[in-house]
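As a plain string of letters, each chain reads:
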Amino acid sequence: MRRHPGLFLSMIVIVAIAAGFFVYPKGIGTKWMPWKLGLDLVGGSHLVYQVDLSNVSSTDQSSVIAGLRDVIDKRVNLFGVSEPQIYTAQSGNQAQLIVELAGVNNVSDAINQIGQTPLLDFREVQGTGSSTQYVYTNLTGEYITGAQMTFEPTTNAPQVTVTFNKDGSQIFDEMTKANVGKPLAIFLDNQLIEAPVVQEEIPDGKAVISGGFTIASAQQLAQRFNAGALPAPITLVSQQTISPTLGTNSLKEVAFAGLIGTLLVMLFMIFYYRLFGLFAALSLVIYIALTLGIFKIIPITLSLAGLAGFILTIGMAVDANVLIFERIKEEFKRGLPHASAVEEGFRRAWPSIRDSNMSTIITAIILYYFTSSFVRGFALTLLIGVVVSLFSAITTTRLFLRLFIKDKSAASQNSNSK
Amino acid sequence: MNIVGHKKIWFAISTILVGIALVSIGVFHFQESAEFKGGTLWEFTVPAQSLSSADVQSEFINNLHIIDAQTNYDPTNHSFLVRFGTVTEAAHQADLAALTAAWPSFQELSFQSISSSVGASLLQSSIIAILLVIIGISLYIAFAFRKASRPVSSWKYGWITLLTLFHDVAIPAGLLAILGHYNNVQIDSNSIVALLVVMGFSVHDTIVVFYRIRENIINHRGKTPFETIVNDSVNQTIARSINTSFTLILVLLALYFMGPADLKYFVLVLLVGVITGIYSSIFIASPALVAISPKEGISK
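Cut-offs used in this document
- Residues numbered from 1 in each chain as written.
- Chains lettered and ligands numbered in written order.
- Predicted model: local features only at pLDDT ≥ 70, side-chain atom pairs only at ≥ 80, totals over all residues.
- Core = buried A, V, L, I, M, F, W, Y, C linked by C-beta atoms within 7 Å.
- Buried ≥ 20, exposed ≤ 12 C-beta atoms within 10 Å, placed from the backbone.
- Helix = DSSP H or I, 4+ residues; strand = E, 2+ residues; numbered from the N terminus.
- Contact = placed C-beta atoms within 7 Å.
- Domains from an automatic or database assignment.
- Nonpolar A, V, L, I, M, F, W, Y, C, P; charged D, E, K, R; others polar.
- pLDDT = per-residue confidence, 0-100.
- Pairing = 2+ DSSP bridges.
- Axes fitted to C-alpha atoms, helices over the stretch in contact; angles between N-to-C directions.
- Left-handed = near helix turned anticlockwise from the far one by under 90°.
- Expected span 1.5 Å × (residues − 1).
- Parallel < 35°, antiparallel > 145°, perpendicular 65-115°, else oblique.

### Comments concerning the nonpolar core
Membership of the largest hydrophobic core comes to 138 residues, with the highest contact counts inside it found for L284(A), A308(A) and V251(B). Per-element accounting of this core gives the leading share, 20 residues, to helix α8 (residues 244-297) of chain A. Apart from the residues lying within four places of it in its own chain, the contact partners of V251(B) are G261(A), V265(A), I311(A), L312(A), I314(A) and G315(A). Ranked by size, the runner-up nonpolar core spans 66 residues in total, among them V56(A), L97(A), L184(A) and A218(A).

Structure below.
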């Protein structure tokens, strides 16, 4: 790098230009991979459901939560939500399901649907092909005590074992007796999930569904049984809904403020540090393109707080340059030749740059691990921004200076540096 | 500039400001937002009608029978912010229908209703985050100043860095308490984040000055009085202390005046914190180092 500053600088500039095209909100970058924007920028709902697990044995809890999540995912998809985000978090007998819906017009309908307890029932199958009819029975999820994925003892193939309670065993016994050789349909939320063929009468209330399962599909079926069977009522404990109008306005305003802030910082740097400041300003543009490129490629869902965090790093990214330039000025005054003053300035400013940014990095890491979704976006963009800005300040700016500040031609810069 | 020599003036200014901040927090407390204590925050506009906050307030109390409603008008978004207790989604829909009937141009901008249990756990995790940031930064400061040179021992740099951190956080926090009392500004997770980020910046500025002092002590050991070394160090770094924060102030001002209304107080806390940080890194941190150093005496 020391020997070919021009080569390395051109590489960084090319990557930055590519990143610029990639992140620009209109054009090829967006066609290839659109930005992921948070609910507070596009509008949508952030819903938190409390799941009451007090009636579920501890061994079944994770299966019930996974099953509920699966059921809610299906329900949400009915509303045409693009990529609903569903997270789960558990502590003790209480679990939380967090549902994020972007761009739903009828949030109230979605909320009503999501909040219902999943309904599992068994139906008898009459007829075949297009004339298949499903006849309701009185065997529903409430007669099931649980379901697990098990393995067939001889073949080791995954299967699902469903256990019925005492009353359920009786109903199931009669039902299997009447339907030997025929399929028995299982519905969850009025959607057919499985129609295994009854091999024989099952009197003991322990049904085994086997054949053609992978471990994942057997697990999923067991979860669906558990979600529809076990009493784990869910209640909406928190909702945050933001209208698309407000979201779009916020996005426009924050982007505009970011642009103005960037221009002010660039002008200030050029005004105060002249030629050096111009290099810092160019590095800042490269920093912005690269950082946005990283956000997009990871991809990070950008929220309003996340964008605010990024805009803060624009103000911080030139800090390292300020510290370095002030050092270089001191080295000039001590009478060092220009190229050496630049190198010495970078070398001596580095410890305080690294250590002073470390406290912000610590804050960002702690915020990321110990807070909820809105704050996390801020912490992540702040963290990535500070790290990239360190790179940008010590690499990009340094390459600019190595390329353009040579001992012979540097006399004219001396007067600029105040 | 003789900064260290006038240290009593700077300490007095800071003592008064921090004192006002702490008294405000003690007397007014913080107004917790719905996010922390549970409750509902409803933001909407009624563009076709010129309504006052009082009209909206009376509609909520008299027609919707929400007696604990508190209405504020936000001039930047031309919107009303109404706060009340937690409601179910069914009640929200009923109220929405009633308001649309009363004011046909009613437009919901945002609606959040948070149960007190969710709020309590969010508050708890915020407090944990605050404590962890303080512990993390303290450990880091101890690490950063592990190499020290006489006459200032390593722990003095550390304690003063923490003192300025407290100073820089107390003043914007006090401002939040005052704004909470007079303007009904509430603290939410954004305000907590802003205070935590102020902590990070505070250390940032102080480290730059202290590193310079440490360097100068090594270079001028025995030749120059300690007080002079410190004062020279502050003067050598004053331009960079101001400039590094000034670039941040520029983007914060852009965000404050042109950014979305939702971020206004978040940015204000940062702005006040950053300005306080400049002041403390120049006028408090280094003079305090002289004040507690054995040579310059215990006079304070």
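From this point, the narrative continues.
### A closer look at the domain arrangement of chain B
Note on interface size: it is often stated as the accessible area lost on association of the parts. All names here are of chain B. Taken domain by domain, chain B consists of domain 1 (7-34 + 118-291) and domain 2 (39-114). One C-alpha centre belongs to domain 1, the other to domain 2, and the line joining them spans 39 Å. Contact residues are listed per partner, giving 5 residues for domain 1 and 10 residues for domain 2. Broken down by class, the residue content of the side of domain 1 that touches domain 2 amounts to 3 nonpolar, 2 polar and no charged.

### Here we look at the confidence of the model for chain B
All names here are of chain B. Mean pLDDT over chain B: 88, with 97% of residues reaching 70 or higher. When pLDDT is averaged over each element of chain B, helix α1 (residues 7-28) comes out on top at 94 and helix α2 (residues 34-37) at the bottom at 85. In the model, residues 296-300 has pLDDT below 50 throughout and makes 4 contacts with residues more than four positions away in sequence or in other chains. Of the two predicted TM-score estimates for the complex, the pTM is 0.82 and the ipTM is 0.89.

### Description of the pairing of strand β3 (residues 79-84) of chain B
Residues and elements named next belong to chain B. Among the 6 residues in β3, 5 count as buried, and that is most of the element. Sheet topology places strand β1 (residues 39-45) next to β3; 5 bridges connect them, and they run antiparallel. Of the residues in β3, the one forming a bridge with F44 is F80.

### A short note on the sheet that holds β3(B)
Pairing between the strands of a sheet is mediated by backbone hydrogen bonds and can be parallel or antiparallel. Pairing in this open sheet of 8 strands is antiparallel, and the strands run β2(A)-β3(A)-β1(A)-β11(A)-β4(B)-β1(B)-β3(B)-β2(B) from one edge to the other. Taken across any chain shown, the strands that pair with only one partner, and hence form the sheet edges, are β2 (85-91) of chain A together with β2 (70-74) of chain B. Sheet twist, expressed as the average angle between the axes of neighbouring strands with direction ignored, equals 20°. With 8 bridges connecting them, strand β1 (residues 44-52) of chain A and strand β11 (residues 234-242) of chain A associate as antiparallel partners. Across the sheet, the residue bridging to V51(A) is I234(A), located in β11(A). Strands in contact with helix α3 (residues 53-63) of chain B are β2 and β3 of chain B; relative to β2(B), the strand with the most contacts, it is inclined by about 150°. On top of the sheet, helix α5 (residues 116-144) of chain B reaches β1 and β11 of chain A together with β4 (107-114) of chain B; it is set at about 70° to β11(A), its chief contact.

### Quick word on the domain arrangement of chain A
All names here are of chain A. Here the domain parsing of chain A yields domain 1 (5-39 + 243-417), domain 2 (44-117 + 234-241) and domain 3 (120-229). Averaged C-alpha coordinates put domain 2 and domain 3 at centres separated by 25 Å. On the domain 3 side, the residues contacting the 10 residues of domain 2 number 9 residues.

### Here we look at the interface of chain A and chain B
The interface of chain A with chain B comprises 56 residues on the first partner and 54 residues on the second. Those elements giving two or more residues to the side of chain A that touches chain B turn out to be α5 (107-115), β11, α8, α9 (304-317), α10 (319-333), α11 (338-370) and α12 (373-404) of chain A. For the side of chain A that touches chain B, the element with the most residues is α8(A), which contributes 14 residues. Residue composition of the side of chain A that touches chain B, by class: 33 nonpolar, 19 polar and 4 charged. Direction of pairing for β11(A) relative to β4(B): antiparallel, over a ladder of 5 bridges. Within β4(B), the residue paired with Q239(A) across the bridge is S113(B).

### Examining unusual backbone geometry
Look at the link from I298(A) to P299(A): it is a cis peptide, with omega at -15°. Structurally, P299(A) can be placed in the loop between α8 and α9. A positive phi is found at N156(A), a non-glycine position, where the angle reads about 65°. Tracing the chain through its elements places N156(A) in the loop between β6 (144-151) and β7 (158-164). Positioned with a positive phi, N184(B) is a non-glycine residue whose angle comes to about 60°. Tracing the chain through its elements places N184(B) in the loop between α6 (154-183) and α7 (189-219).

### Description of the packing of α6(B) against helix α9 (residues 264-291) of chain B
Residues and elements named next belong to chain B. The contact between α6 and α9 brings their axes to 9 Å, and the two run at 145°. Read as a crossing pair, α6 and α9 show a hand that is right-handed. Residues K156, I160, L163, T164, H167, D168, V169, I171, P172, L175 and L176 of α6 lie in contact with α9, whose contacting residues are V269, V272, G273, T276, G277, S280, S281, I284, A285, A288 and L289. Among the residues making up the contact of α6 with α9, the classes are represented as 13 nonpolar, 7 polar and 2 charged.

### A word on α7(B)
Taking 1.5 Å of rise per residue, 31 residues should cover 45 Å, and α7(B) covers 46 Å from first to last C-alpha, within 8% of that figure. Within α7(B), 26 of the 31 residues are buried, which leaves it mostly tucked inside the rest of the structure.

### Concerning the sheet that holds strand β9 (residues 191-194) of chain A
All names here are of chain A. Reading across the sheet, the 4 strands line up as β5-β4-β8-β9 and stay open at both edges, with antiparallel pairing between neighbours. Each edge of the sheet is formed by a strand with only one pairing partner; in this case those strands are β5 (133-140) and β9. Sheet twist, expressed as the mean angle between neighbouring strand axes with direction ignored, is 45°. Pairing geometry for strand β4 (residues 120-126) and strand β8 (residues 184-188), over 5 bridges, is antiparallel. Residue pairing for β8: D121 is matched across the bridge by F187. This element, helix α6 (residues 166-178), spans β4, β5 and β8 of the sheet and lies at about 150° to β5.

### Notes on the packing of α1(B) against α6(B)
All names here are of chain B. Look at α1 against α6: their axes get within 8 Å of each other, and the N-to-C directions meet at 45°. By the angle class used here, α1 and α6 are oblique. Taken as a pair, α1 and α6 cross one another with a handedness that is left-handed. Contact residues: S14, L17, V18, I20, A21, L22, S24, I25 and F28 in α1; H167, A170, I171, A173, G174, A177, I178, G180 and H181 in α6. When the residues that make up the contact of α1 with α6 are grouped by side-chain class, the tally is 12 nonpolar, 6 polar and no charged.

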